[in-house]
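# Architecture at a glance
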There are 2 protein chains.
Amino acid sequence: LRSTSEMIRRKRDGGELDREEIRAFLAGVVSRSVPDYQTAAMLMAIYFRGMAEEELAEFTAAMIDSGDRLDITTPTPKVDKHSTGGVGDKVSICLAPLVAACGVTVPMMSGRGLGHTGGTLDKLESIPGFRTSLSPAEFAATVRSCGAVIAGQSERIVPADKILYALRDTTATVASIPLISSSIMSKKLAEGLDALVLDIKVGSGAFMETVDRARELARSMARIGESHGTRVRAYLTRMDQPLGFEVGNANEIEEAITLLRGKGPPDLLQLVKVLGSAMLAEAGIEDGPTRLENAIQSGSGLARLERLIEAQGGDPSVVEQPDTLPRAAHSRRLRADREGYVVSIQAKEIGLAAMGLGAGRQTVDDAIDHSAGITLSAKVGDAVSYGDLLATLRFNASRNVETAAARVAAAFRIEAVAPHPWPLILDEIG
Amino acid sequence: LRSTSEMIRRKRDGGELDREEIRAFLAGVVSRSVPDYQTAAMLMAIYFRGMAEEELAEFTAAMIDSGDRLDITTPTPKVDKHSTGGVGDKVSICLAPLVAACGVTVPMMSGRGLGHTGGTLDKLESIPGFRTSLSPAEFAATVRSCGAVIAGQSERIVPADKILYALRDTTATVASIPLISSSIMSKKLAEGLDALVLDIKVGSGAFMETVDRARELARSMARIGESHGTRVRAYLTRMDQPLGFEVGNANEIEEAITLLRGKGPPDLLQLVKVLGSAMLAEAGIEDGPTRLENAIQSGSGLARLERLIEAQGGDPSVVEQPDTLPRAAHSRRLRADREGYVVSIQAKEIGLAAMGLGAGRQTVDDAIDHSAGITLSAKVGDAVSYGDLLATLRFNASRNVETAAARVAAAFRIEAVAPHPWPLILDEIG
């Protein structure tokens, strides 16, 4: 077996690490016998050299084996959805209850927001009493009683990833396809899924700014899934403007409820249907679009969300009375300063403005103001007249709203000619 | 000013760091406010991306400014020689007194051996009482009284290099031309030299295994010297077989004394004359070869070594009575098992065998047995008959001599046809 520095040298020179070496390295990372500086050097070498297909499958397997696996027996197939993160992305909150209402189990482990992107757990915690930190027994019980659960990842699932992620964040090694795909897939495969649907965001508001890189990431994750016997279907979806009208936390929960009432914004509804149909198809249900539409029209999706909220300790009355959700004390309206068409709304800038109002975190230790956020009143392609409302900023006292308002104003581009429509779904892989 | 992780990202993406960023980064390295894992990631990014010419000059300047500079006023120009490390390389011990005897000041800071290469300081410490750790005042006093000094580097010279070097050693980032050249040049430029002569070793026993890489390193160091106003002349010299006949410590001192008596082995003598003439030429003395030869024939070089040994606390009687040097208790002779010509003697293998006998260190904390070593009795090109002596291993009890003997035997290749002669000096740069 090579020493750690010999393994770094091998990877640096474009060689492959074998199964035993990968396991020894990750065991050392978790036991802290491999010092952080060697791990950082290895991560940078992987950044430059990548990983071969089999090597990456072994690396992911060793990541999974660094911790516990979920092993929940359910009567119906277990399918999860993962998104690489965007702005206004409340798809999981719509999708888990809808897909569960259509007869497929959704054991969803979600994350928190960081930087310009929001996190599903933060959004759910807007609901009074809602608990996202569940014991393995509570997680399993909720899956069995509701057919779905949305919770944070246990500390004992893939502990190697926690250490690697913290190092990647400070060593400029986040944007590496093998490191991203093994990080995501190790956590998802530890859930013991039958299939996984991926929503890979592309564009100015996403981590992957080009379609080629996003496609490469999708393929990498699909191959890892395949080597572990888990079906993966990936969609490349556009993240240039925010999804839906609401960006924040409580306001996004409200928009998710609106969608489950059949009144959701068209882009959000389209994405929920595409991803939901894929989840159902992976479980052998081919008439997904019809079933999902029925679950919305009949209210069975909304009823399932109500059950899920109650099962996770939240106040289910928010579903009928959304004004139970926290509300910001102040608002500020931004209006069009010219006539024309909205040709772009920079998602990243809107996300950063919402963060500035308190809706997101700059560092992992920041607290979230669940009532803060931004409501868009126009989306790309809409015609606006001078003075029309573009967006409303919601915030509490002591926030520097001027910077956020300037950011939002600058994020909107209005021109005389309507933009060429660009599809929300760019590609499907797997 | 960018954050450390933004600087790593910039370097990772092939960008250049500016003067202020480089200074902030190295200041953080020295104050330990930049954690080792970020430093390691930066080193690996530099390994892959290199450094632009001006960036490397700034990096070297900031390395120098991390510590003290020597500032010794001398009546004659100050010129030093640095070798990238080889096997049997006792050139410095011959060169410093010879060049000083020819009227040029040699304030030499040397290193210790590691792995298969020996170190000048270790060799000198074979001499009873010899001190290589001098205070700045002692260093300056020896330079003034002897015209030369050979000592270890003060802790206060380029402290940034000590931290970077320790990290490079464990993170597979040693073999980077900008990191090697800034490490060497920062220490040499801090000596306040007028000129520097470099001996870049090339071949199986050297860190640079190809002429192209060695030439690139030489050019990089010459450019750094130029940007700091210090003349640099570099020689690429062959390090395939050991230099001279002796490999070890005390036995190498004895061979250096032999050379100063006019009876040195031809390859060692040639290198001493080439490098010594270059040092003299940089100080404006053009008839170097003649002067050096006179200093050998007249004994003035040997007398200067005697003075230097005495000034540094050593027993000067070793010069007249080399048997004052430590002697190993045991020896083992290796003989030719066939007739023919010696076509190669793998320097690295001989170095590793000597290390195995106790003459070198595997890790920086190992102790040295100054009396252990290897004496070659044949060199490349020599004709040997069956049973002729090839090498003598010298060692003390409890050493595993079998492994070393097998290594030395395997290092010799004897064939029927004489090898094509290859010059010792491969190229001159600057």
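Above: the structure in question.
Residue numbering note: each chain is counted from 1, following its sequence as written. Written order decides the labels, with chains lettered from A and ligands numbered from 1. Residues qualify for local features only when their pLDDT is at least 70, as the model is predicted, and side-chain atom pairs are given and counted only at 80 or more; totals for whole chains, interfaces and linings, by contrast, use all residues. Only hydrogens and water are set aside; all other atoms, that is, all heavy atoms of the structure, feed into the side-chain values.

## Here we look at the packing of aromatic side chains
To describe a pair of aromatic rings, one takes the distance between the centres and the angle between the planes. What counts here: Between the rings of Phe, Tyr and Trp (Trp by its six-membered ring), a pair exists once the centres lie within 6.5 Å; its type follows the angle of the planes, with under 30 degrees stacked, over 60 edge-to-face, and the other angles tilted. Each residue is placed in one exposure class: buried if its accessible area under a 1.4 Å probe, protein chains only, is under 20% of its type's maximum, exposed if it is over 50%, and partly exposed if it falls in between. Secondary structure follows DSSP: runs of H or I at least 4 residues long count as helices, runs of E at least 2 residues long count as strands, and numbering of each begins at the N terminus.
All chains considered together, the criterion is met by 3 aromatic pairs over all chains. With 5.5 Å between their ring centres and 80° between their planes, Y47(A) and F48(A) make a pair best called edge-to-face. Looking at Y47(A), the relative accessible area reads 21%, which means it is partly exposed. Classification of F48(A) as partly exposed rests on a relative accessible area of 23%. Residues F48(A) and F48(B) carry aromatic rings whose centres are separated by 4.3 Å and whose planes lie at 10° to one another, so their mutual orientation is stacked. Here F48(A) is found in helix α3 (residues 36-49), whereas its partner F48(B) is found in helix α3 (residues 36-49) on a different chain. Three or more aromatic residues joined by ring pairs make a cluster, and in this case those are Y47(A), F48(A), Y47(B) and F48(B).

## Points about the sheet that holds strand β7 (residues 330-335) of chain B
Residue and element names in this part refer to chain B. The line we're drawing: Here the rule is simple: two strands pair whenever DSSP picks up at least two bridges between them. Every axis in this analysis is a line fitted to C-alpha atoms, fitted for helices over the stretch in contact. Angles between the N-to-C directions lie between 0 and 180 degrees. What makes two residues a contact is simply this: any of their non-hydrogen atoms within 4.5 Å.
An order of β6-β9-β11-β7 is seen for the 4 strands of this open sheet, with the pairing classed as antiparallel. Two strands close off the open sheet at either side, each with one partner strand: β6 (246-248) and β7. Mean inter-strand twist for the sheet, computed between neighbouring axes without regard to direction, equals 15°. For strand β9 (residues 373-376) and strand β11 (residues 389-395), the ladder comprises 4 bridges, and the chain directions are antiparallel. For I374, the partnering residue across the bridge sits in β11 and is L393. In the packing of helix α11 (residues 250-260) onto the sheet, contacts are made with β6 and β9, and the angle to β6 comes to roughly 145°. The strands that helix α15 (residues 347-356) touches are β6 and β9; relative to β9, the one it contacts most, it runs at about 140°.

## Digging into the interface of chain A and chain B
One frequently used descriptor of interface size is the decrease in accessible area upon assembly of the parts. The condition is simple: Summed over both partners, the accessible area (1.4 Å probe) lost when two parts come together is defined as the buried area. One speaks of a salt bridge when a side-chain nitrogen belonging to Lys or Arg is within 4 Å of a carboxyl oxygen belonging to Asp or Glu.
Facing the 21 residues of chain A at the interface are 21 residues of chain B. Carbon and sulfur atoms make up 71% of the area that chain A and chain B hide from each other, which totals about 1,700 Å². It is R12(A), Y37(A) and F48(A) that lose the most area in chain A upon contact with chain B, and together they represent 37% of the buried surface on that side. Put simply, chain A and chain B have 0 salt bridges between them.

## Focus on the sheet that holds strand β4 (residues 195-202) of chain B
Residues and elements named next belong to chain B. Reading across from one edge, β1-β4-β5-β13 is the order of the 4 strands in this open sheet, with mixed pairing throughout. Each of the sheet's edge strands pairs with one partner strand only, and the pair in question is β1 (79-83) and β13 (425-429). Within the sheet, the average angular offset between the axes of one strand and its neighbour, ignoring direction, is 15°. Across 4 bridges, strand β5 (residues 231-238) lies against β13 in antiparallel orientation. Within the sheet, the bridge partner assigned to Y235 lies in β13 and is E428.

No statement about biological role is implied by the geometric values presented.
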